[in-house]
Amino acid sequence: MRVRKIDVLVVGGGAAGIAAAAAAAREGADALLIERNDRLGGVLEQCIHPGFGLHRYREELTGPEFAHRLLGEFDSSGAEAVTGCTVLEVNPQGPSVVAASPKGLLKFRPKALIWATGARERPFGALRIPGARPAGIYTAGLAQRLVNIHGLLPGRKAIVLGSGDIGLIMARRLHLEGVEVVAVLELRPFPGGLMRNVVQCLEDFGIPLLLRHTVAEVHGKDRLQGVTVVEVDEEGRPLPGTERYVEVDTLVLSVGLIPENRLIEGFVPLDPLNRGPVVNARLQTEVPWLFAAGNNVAVFDLVDSVAALGARAGTFAARYARGELPEGRAVPLVRGENVLHLVPHRLVPGVPTPVYIRVPHPLPRARVSIGGVVTRNHVGVRPTEMIEVKLSGEALEELAGLPEVRVEVSPA
Amino acid sequence: MRIAVIGAGAVGALIARELTRYEADVLLFEREADVGWGVTKANSAIVHGGFHEAPDTVRARFCAPGNAMYEGLCRELDVPFRRVGAYVLAFGEEELAVLRELQAQGEENGVPGLEIHSREEVLAREPHVNPEVRAGLWSPTVGITEPWTVAIAAVENAVANGLKLHLAEEVTGIEVRAGRVQAVVTGKGRYPVDAVVNAAGLFADRIAEMAGLKEPVLFPRRGEYILLDKAASGLVRSVLFPAPTEKSKGILVLPTVDGGVLLGPTAEDLPRGAREAVETTPEGLRRVVEGARRLVPGVDLSQAIKTFAGLRPESPQEDFVVGPTVVKGFYQAAAMRSPGLTAAPAIAKWLACEVMASELSLSRRGSFNPIRKGIPRVAELSEAEWEELIRKDPRYGRIVCFCNRVTEGEIVEAIRRGARSLDGVKFRTRAGFGRCQGGFCTDRILQILARELGVEPEEVPLRDPSSPLVMGKVRP
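Here the structure is a predicted model, which means the values were calculated and not measured.

How each quantity is defined
- Residues numbered from 1 in each chain as written.
- Chains lettered and ligands numbered in written order.
- Predicted model: local features only at pLDDT ≥ 70, side-chain atom pairs only at ≥ 80, totals over all residues.
- Heavy atoms only, no water.
- Helix = DSSP H or I, 4+ residues; strand = E, 2+ residues; numbered from the N terminus.
- Pairing = 2+ DSSP bridges.
- Axes fitted to C-alpha atoms, helices over the stretch in contact; angles between N-to-C directions.
- Domains from an automatic or database assignment.
- Contact = heavy atoms within 4.5 Å.
- Buried area = accessible area lost by both parts, 1.4 Å probe.
- Salt bridge = Lys/Arg side-chain N within 4 Å of Asp/Glu carboxyl O.
- Polar contact = N/O pair within 3.5 Å; in protein donor to acceptor, adjacent residues only side chain to side chain.
- Nonpolar A, V, L, I, M, F, W, Y, C, P; charged D, E, K, R; others polar.
- Buried < 20%, exposed > 50% of the residue type's maximum accessible area, 1.4 Å probe, protein only.

### A word on unusual backbone geometry
With an omega dihedral of -5°, the bond running from Glu-215 of chain B to Pro-216 of chain B counts as a cis peptide bond. As for its position among the elements, Pro-216 of chain B is in the loop between helix H6 (204-210) and strand S14 (219-228). Residue Gly-264 of chain B is joined to Pro-265 of chain B through a cis peptide bond whose omega torsion reads 5°. Residue position: Pro-265 of chain B is located in the loop between strand S17 (261-264) and strand S18 (268-269). Phi at Asn-338 of chain A is positive, roughly 55°, even though this residue is not glycine.

Have a look at this one:
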């Protein structure tokens, strides 16, 4: 097996990984990006709708346009990419990675490794919905690839379960392709995606959003014939007597993304709520040579945030590879009231960072507090829209002096 | 000499393979579009020890001998098989008494190595078992396999030895004259034959009726299952049974050969006509969880990746119906409820090589080759072997199913061997069987199938033409 030594190896060629490799190369590192698919860009490739880049590029781009911009930055950075190359294992003892490719098995010995593997979709089987197992049940991401990459229609009459962003986007996409989209169902009493997507994908096209509804059963032995739709109570339990049969040939699922950390979860501490590695403000995990960025750290709302995290990880990983990242003091960020997802988990003195917070349920008015030093009032916080608080300057230094920093969102 | 075997499940496939040892034209008829898609596809995948069976049954006669044949069979056919052993767990004194009865019964059936282990011994081997366990009956010969691979491999090997496989061809009639089988009639034609083997699983009663026989009487017993991801693989090392009830072996927790964990099955008797009722139900899935957690309280449902149900052909006498019948040339391998998979190799050997060979005066062919090589699984190769494979065919370096590490090379080989659908590829390669359940690979496998078969992607089904995956193209 060929062994290749490198400063920084980035695993995963989506937005986080591309930005990470480019930033590492700009910081002077010899940086290599490996991607299991044949093209770079990750999920951006199939997201042909607009809405990307408002933060990073101050204009509204489609997914492929965003990827194109990012790849422009990558190309000029001097970083290198290998596609069609799937990582098989990561040596917990030190940065060493084995991967498979049509050229053979490859071994990489980087000085720093950046994990940017993104997330996978929660499958139908995980929902334990009763019924047979016919054709016509797709996760939203798969449906999106069928339509946008392969030009294939998954069906003629569809219902969408789960109102995550990709479910909302696919409801509109299928509608535009002439598929009858009966409704989008959401178990919770509030939509799972961004408000702008609820408006632009459903309301603008007259697609009903049924909150507190789910699929109780799927019907059809060969191809999906219909689903039983049911209302649920506060706990998400079906309300007897509310079942109704809806004839559809396609069920599209947008029921959650799961950060993909299979190959590192055995040796890197994960945050059980984020389901991603514990990271400090440098995106460094508890294993010093391993950095992590993107949706495998926690699932983010915007690709802009993901790319920003990637770039930060790339910069710090390059410094680590040069031996210029002193193991300084780190101050733990701890969850207080109403904090579901939290990134990062440690502040590093002198390292300005955004803090990303996701609340578990909506609050009409809220006060966000970072260690009592930085506080902000918000009107209408929702689980679907992360709160981002930038820490720098004096406030950061003050926080860095505390034994720990409590992050909380209290009703105001 | 021409012999028709009806049903390409594990039982029919193994019988057909044994028959190809002889100078005869062997035809195998299957109503489904692929091999092993009936009872064989959805069961517990256990090679049972033989202690569950009452000594005076046909089940007992063939179970332990079938178990003993599995190593050799799986070596010849390159099928995964692991003798992981099993515990029957007792909670309380009454159930401990049941274990002692099972042990005595097993010994009478010739099951080797049965021992009653103390709570501490059980927990030392299986630390996740409910600590309230009183004792366990240890059966070291119990194994796990992949039932559909048994069927696929047996058919591939039989075809290499001259078998003619007729898929998607349902038998609609058996012609009997003067008490002797004359021909098999299907939707596609009439085949004059000298003998018929009825291995038609859930439909074996209908086939028997076509020959004028009243046995077996069958009804479907549904079993629901929950499959957990490989992340749960540390949960159990061996097959865990509860103390059995009158009706069934109970709800189990067991490892699968590819590293997952299987929970189930329920045992729900359905009306005779409900032979395709493979739906899971809220009640059934609830029972599976309850039953599994009784044995292993730490079962984590967030690791569930799939639920499914299978039907097993049950008869009022709860026993196999195997052997010759009053109709000359008509042989049964029917009512193969549990432990049908285990008993299948022993029944195949006995029926083909003893009963039929003698009654039909079959003569051995010189050229029978018992060896079948499976599709290479890169996930199970050494680095050097895998490198070598990639050198010969770079497609073995291109991973398509990331969860189960299945390459394009394996998928192309599966298609070369007969996969015509997404499930055909899945059951031959495990692509799409993993934690994302095809979320990442379905479209890629669809493309590969279309390319290799020279068809449009719209023509590639989940299983057969009645289960299309996509319905046309987007607007031009």
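Now that the structure has been shown, the text picks up again.
### Here's the deal with the sheet that holds strand S10 (residues 171-177) of chain B
Residues and elements named next belong to chain B. Strand order in the open sheet formed by three strands is S10-S11-S12, with antiparallel pairing between adjacent strands. The sheet terminates laterally at S10 and strand S12 (189-192), the two strands that pair on one side only. Strand-to-strand twist across the sheet, computed as the mean angle between neighbouring axes with direction ignored, equals 25°. The pairing of S10 with strand S11 (residues 180-186) spans six bridges and is classified as antiparallel. Looking across to S11, one finds that Ile-174 is bridged to Val-184.

### Observations regarding the domain arrangement of chain A
Residue and element names in this part refer to chain A. Here chain A is partitioned into domain 1 (1-121 + 257-322), domain 2 (123-255) and domain 3 (330-412). For domain 2 versus domain 3, the distance between C-alpha centres works out to 34 Å. In this complex, domain 2 contributes six residues to the contact, which on the side of domain 3 involves six residues. For the pair domain 2 and domain 3, the two sides together bury roughly 440 Å², of which 71% comes from carbon and sulfur. Area buried by domain 2 at its contact with domain 3 is led by Phe-190, Leu-194 and Met-195, which between them contribute 78% of it. On the surface where domain 2 and domain 3 come into contact, there are zero salt bridges.

### Quick notes on the interface of chain A and chain B
Counting residues at the interface gives 49 residues for chain A and 50 residues for chain B. Taken together, the two surfaces of chain A and chain B that pack against each other cover about 4500 Å², and 54% of this comes from carbon and sulfur. For Arg-475 of chain B, the salt bridge identified is with Glu-177 of chain A, shortest N-O distance 3.3 Å. Counting the contacts that link chain A with chain B gives 26 residue pairs in polar contact (both at pLDDT 80 or more). The element that contributes the greatest number of residues to the side of chain A that touches chain B is helix H3 (residues 140-148) of chain A, accounting for four residues. Residues of the side of chain A that touches chain B, tallied by class, amount to 22 nonpolar, 11 polar and 16 charged.

### Digging into the side chain of Thr-139 of chain A
Within the element layout of this structure, Thr-139 of chain A appears in strand S10 (residues 137-139). Judged by its relative accessible area of 7%, Thr-139 of chain A falls in the buried class. Residues in contact with Thr-139 of chain A, not counting those within four places in the same chain, are Glu-121, Arg-122, Pro-123 and Leu-253 of chain A together with Gly-439 of chain B.

### With respect to the sheet that holds strand S14 (residues 213-219) of chain A
For sheets, the rule is that strands pair by backbone hydrogen bonds, running either parallel or antiparallel. Residues and elements named next belong to chain A. With antiparallel pairing, the three strands of this open sheet are ordered in space as S14-S15-S16. On the outer flanks of this sheet lie S14 and strand S16 (244-247), each paired with one strand and no other. Between one strand axis and the next, the sheet turns through 35° on average, direction left out of account. Bridge analysis of S14 against strand S15 (residues 226-231) gives six bridges, and the strand direction is antiparallel. Across the sheet, residue Thr-214 finds its bridge partner in S15, namely Val-230.

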